[in-house]
Amino acid sequence: MLEKARIMDQKLMDRAITRISHEILEKNRGAMDIALIGIKRRGVPLAERIANKIYQFEGIKVPVGILDITLYRDDLSELSEKPLINTTHVPFDVKGKIIILVDDVIYTGRTVRAALDAVIDMGRPKAIQLAVLIDRGHRELPIRPDYVGKNVPTSNDEVVKVKLQEIDGEDCVLIFQK
């Protein structure tokens, strides 16, 4: 794949996460009933960053969970005969909470659909909201994020890659041509 553009650097990414954190607090009138669940893999450090920003702004530690949606995917049989199952760790009861799912990129909406199924299997939250760093369009399901760091119109021949310091050693968002 050929790198086509670098659309976010560390500074722009931090600014987007700060804005998302403020929007979450504004929409929910504070952080009292909020819990964040990061969708494996890059949604997890993004959820932790949002939780840290909320703590800086409000002095409230928002719980963060880790969600692996592998078993909830609608294309599981196409992935592998023996898919790699990672760990889901949600150390709080979702019942009655405002759950904010966090992911790096939303594309077709299928990952989010799987995450919704997984959360509902844990209990009945008060509400489920979605925060994404990048919305690249091309939805196949009627799913819309509540909080978006950046809208990036793309073609189906392009790939959006989010790199995070915690996983990749740098913060940036790149577009590649297939």
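Residues numbered from 1 in each chain as written. Predicted model: local features only at pLDDT ≥ 70, side-chain atom pairs only at ≥ 80, totals over all residues. Heavy atoms only, no water.

Draft legend 1. The arrangement of the pairing of strand E4 (residues 98–106) in detail. Among the nine residues that make up E4, nine are buried, leaving the element largely enclosed by the rest of the structure. Pairing between strand E2 (residues 34–39) and E4: five bridges, direction parallel. Looking across to E4, one finds that Ile 34 is bridged to Ile 98. As paired elements, E4 and strand E5 (residues 127–135) share eight bridges and run parallel to each other. Residue Ile 98 lies in a different strand from E5, and its bridge partner there is Ala 127. (Buried < 20%, exposed > 50% of the residue type's maximum accessible area, 1.4 Å probe, protein only. Helix = DSSP H or I, 4+ residues; strand = E, 2+ residues; numbered from the N terminus. Pairing = 2+ DSSP bridges.)

Draft legend 2. Representation of the pairing of strand E3 (residues 64–67). Where burial is concerned, the two faces of E3 differ: the one with Gly 65 and Leu 67 is buried and the one with Val 64 and Ile 66 is not. Relative to E3, E2 is paired through four bridges, and the arrangement is parallel. Of the residues in E3, the one forming a bridge with Leu 36 is Val 64. Taken together, E2, helix H2 (residues 43–58) and E3 form a β-α-β motif whose crossover is right-handed. (Right-handed = clockwise from strand over helix to strand, strands pointing away.)

Draft legend 3. Region of the structure containing the packing of aromatic side chains. Under the definition given, this model contains zero aromatic pairs. Against the face of Tyr 55 rests Lys 61, its NZ or CZ located 4.9 Å from the ring centre. Arg 136 extends its terminal NZ or CZ atom over the ring of Tyr 107, reaching a point 3.9 Å from the ring centre. (Phe/Tyr/Trp six-rings, centres within 6.5 Å; stacked < 30°, edge-to-face > 60°. Lys NZ or Arg CZ within 6 Å of the ring centre and 35° of its normal.)

Draft legend 4. Spatial organisation of the nonpolar core. Of all hydrophobic cores here, the largest spans 31 residues; its most connected members are Leu 36, Leu 133, Ile 134 and Val 173. Secondary structure elements with two or more residues in this core: strand E1 (2–8), helix H1 (10–27), E2, H2, E4, E5, strand E7 (158–163) and strand E8 (172–177). Top element by residues in this core is H1. It accounts for six residues. Those residues in contact with Ile 134 that lie beyond four places of it in its chain are Ile 7, Met 8, Asp 104, Val 105, Ile 106, Lys 150, Val 152, Val 160, Val 162 and Val 173. Listed in part, the 20 residues of the second largest apolar core include Ile 37, Ala 115, Val 119 and Val 148. (Core = buried A, V, L, I, M, F, W, Y, C linked by side-chain atoms within 4.5 Å. Contact = heavy atoms within 4.5 Å.)

Keep in mind these values describe shape, not function.
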